[in-house]
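Reading the structure
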Amino acid sequence: MLVCVNDWTLALDSEQPRDIAYLDFSKAFDRVPKERLLFKLQSAGIRGKLLNWIRAFLSNRTFKVRVGSDFSQIRPVQSGVPQGSILGPLLFLVFTSDIPKLIHSNIAMFADDIKLYSNPLKDPGQLQSDLTTIKHWSDAWLLPLNQDKCTILRLGKNNPCVNYQINDTTIKVVAEQVDLGITVTSDLSWSSHINKICHKANKMLYLISKTFQHISSRSAKKLYTTYVRPVLEFGGPVWYCSRVSDKNRLELTQRRATRLSFGTNRPSYEERLRLWNLPTFEQRKKKAI
């Protein structure tokens, strides 16, 4: 995310637009064909006992569904890599590792999340060509794209607004996109993301205040630093705000949290932070820099 946002920011600073294509594979981890995965592992140089061990790891797996106290019949798992395992995501990465070699646009991959981006002014057909290539790859390797969840995010005021297609269907254009848990907007401002995380954090503070009518300062701090502050800090190096209104929104949420263990006769916000040994968001940013 840091690399991508840095690329996009530099491009907008030089008045060069960017089109970003977010791709989604349909039930990606469940759809990986086992024999084709083993073929790719063998092509990568994995052979002998290790390959046989991985084949055994993927074979003879079964599942059943529980509804209440009732269970379905046991069924064999026909495809996919086991989710919740350490090896499963690694095997999926091996299966998709050849995609970057096939395209010419910039690409960023994280597990089954893939995004491509390019300059629509410099080469308007490049991104479309790469999307077609990935569609052919997904058909050949039996890992279909979920076209309903594929989107285009346009950056730049001088963006020519090119339309892109998959299977002759125009990909939906969005004004904002959640990218690895961070809301990216077409103008690369972070107000929308901050509004969302503050809303989520305030809901959690409300639940804490209703659950614990009387709470010690120590317990309040532990609840805040365990469940609330991580929500406010997630991905901070990527999105950290420069607008005063956004900083105030974050600080207001923390200010509300520090009131949990104090009544109406409470010390100042600065004193509460000192008692909890917490920095303001501005102080944390300066410390990180």
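Residues numbered from 1 in each chain as written. Predicted model: local features only at pLDDT ≥ 70, side-chain atom pairs only at ≥ 80, totals over all residues. Heavy atoms only, no water.

As named in an unreviewed UniProt entry, the chain is Reverse transcriptase domain-containing protein, taken from Zophobas morio.

Another point: the overall build of the chain. What the chain contains, in helices and strands, is twelve helices and 13 strands. With the C-alpha coordinates aligned to their principal axes, the bounding extent of the chain is approximately 70 × 60 × 35 Å. For the chain, restricting intrachain contacts to residue pairs at least 6 apart in sequence, the fraction spanning at least 24 positions comes to 65%. By element, 53% of the accessible surface of the chain is carried by carbon and sulfur atoms, the whole surface being about 17,000 Å². Across the chain, the centroid of the 42 positively charged side chains sits 9 Å from that of the 25 negatively charged ones. (Helix = DSSP H or I, 4+ residues; strand = E, 2+ residues; numbered from the N terminus. Contact = heavy atoms within 4.5 Å. Areas by Shrake-Rupley, 256 points an atom, 1.4 Å probe, with all protein chains shown as cover. Lys, Arg positive; Asp, Glu negative; His and termini not counted. Charge placed at Lys NZ, Arg CZ, Asp CG, Glu CD.)

The subject of this paragraph is a positive patch on the surface. On the surface, a cluster of positive charge is made up of Arg255, Arg256, Arg259 and Arg266. Structurally, the position occupied by Arg259 is in the loop between α10 (244–257) and α11 (269–276). The exposure class of Arg259 is partly exposed, given its relative accessible area of 34%. (Patch = residues over 30% accessible without salt bridge, like charges linked within 9 Å, V, L, I, M, F, W, Y side chains within 5 Å. Salt bridge = Lys/Arg side-chain N within 4 Å of Asp/Glu carboxyl O. Buried < 20%, exposed > 50% of the residue type's maximum accessible area, 1.4 Å probe, protein only.)

Two elements, strand β6 (residues 106–110) and strand β7 (residues 113–118), share five bridges in a ladder whose sense is antiparallel. Paired with Ile107 across the strands is Leu116, a residue of β7. Where β6 hands over to β7, the hairpin turn is made up of two residues, of which Ala111 adopts a positive phi near 55°. (Pairing = 2+ DSSP bridges.)

Right, let's get into the sheet that holds β7. Spatially, five strands are ordered β6-β7-β1-β8-β11 in an open sheet, and the strand pairing comes out mixed. Two strands in the sheet have a free side with no partner beyond their single neighbour: β6 and β11 (172–174). In this sheet, neighbouring strand axes are inclined to one another by 25° on average, regardless of whether the strands run parallel or antiparallel. (Axes fitted to C-alpha atoms, helices over the stretch in contact; angles between N-to-C directions.)

Let us now look at the environment of Thr183. Considering the arrangement of structural elements, one finds Thr183 in strand β13 (residues 182–185). For the pair Thr183 and Asp148, spaced 35 residues apart in sequence, the C-alpha to C-alpha distance is 19 Å. The residues touching Thr183, leaving out its near neighbours within four places in the chain, are Glu176, Gln177, Val178, Trp190, Ser192, His193 and Lys196. For Thr183, the side chain forms a polar contact with the side chain of Lys196, separated by 3.4 Å. (Polar contact = N/O pair within 3.5 Å; in protein donor to acceptor, adjacent residues only side chain to side chain.)

The next point concerns the side chain of Asp24. You can see Asp24 is positioned in strand β1 (residues 18–24). Buried charge without a salt bridge: Asp24, with Lys149 as the nearest opposite-charge side chain at an N-O distance of 5.0 Å. Asp24 has contacts with Leu145, Asn146, Lys149 and Cys150, leaving out every residue within four places of it along the chain.

In this structure's numbering, the residues bearing the UniProt feature "domain: Reverse transcriptase" (unreviewed entry) are residues 1–184. This span, residues 1–184, is 34% helix and 24% strand, and a straight line between its end C-alpha atoms measures 10 Å. (UniProt positions renumbered as here; feature names shortened; annotations may be inferred.)

The side chains of a regular strand alternate, first on one face of the sheet and then on the other. Burial along strand β12 (residues 176–179) is one-sided: Gln177 and Asp179 are buried, and none of Glu176 and Val178, which face the opposite way, are. Pairing of β12 with β13 involves four bridges; the strand directions are antiparallel. Note on β13: the bridge partner recorded for Gln177 is Val184.

Now for helix α6 (residues 126–140). Turn by turn, an α-helix covers 3.6 residues, leaving residues three or four places apart pointing in a common direction. Here α6 spans 21 Å end to end across 15 residues, near enough to the 21 Å set by a 1.5 Å rise per residue. Residues Leu127, Asp130, Leu131, Ile134, Lys135, Trp137 and Ser138 constitute the buried set of α6. Take α6 and look down its axis: the buried residues cluster within an arc of 160°, on one side only. Turning to α6, the residues buried within the fold contact β1, α3 (34–43), α5 (87–96), β7 and β9 (165–166). Downstream of α6 by one or two residues, Leu142 has phi in the positive range, about 55°. (Expected span 1.5 Å × (residues − 1). Arc of directions from axis to C-beta.)

With that settled, consider the pattern of salt bridges. Enumeration over the complete set of coordinates arrives at six salt bridges. A salt bridge links Glu233 to Arg229, with the nearest nitrogen and oxygen atoms 2.5 Å apart. With Glu233 and Arg229 both in helix α8 (residues 217–233) and four residues apart, this pair spans about one turn of that helix. Assessed through its relative accessible area of 24%, Glu233 is described here as partly exposed. The partner of Arg274 in a salt bridge is Glu271, and the shortest N-O contact between them spans 2.5 Å.

So, on to the packing of aromatic side chains. Inspection of every chain in the model, using the stated rule, returns nine aromatic pairs. On the numbers, 5.9 Å between centres and 85° between planes, the contact of Phe95 with Trp141 is edge-to-face. Separated by 46 residues along the polypeptide, Phe95 in helix α5 and Trp141 in the loop between α6 and β8 (151–155) bring together distant segments of the chain. Accessibility assignment for this pair places Phe95 and Trp141 in one class, buried. With 6.1 Å between their ring centres and 40° between their planes, Tyr224 and Trp276 make a pair best called tilted. Taken together, the residues Tyr224 in helix α8 and Trp276 in helix α11 connect sequence positions 52 residues apart. Classification of Trp276 by relative accessible area gives buried; the value is 1%. Taken together, the aromatic side chains of Phe25, Phe39, Phe95, Trp137 and Trp141 make up a single cluster linked through ring pairs. Above the face of the Phe57 ring, Arg61 is positioned so that its terminal group lies 5.1 Å from the ring centre. (Phe/Tyr/Trp six-rings, centres within 6.5 Å; stacked < 30°, edge-to-face > 60°. Lys NZ or Arg CZ within 6 Å of the ring centre and 35° of its normal.)

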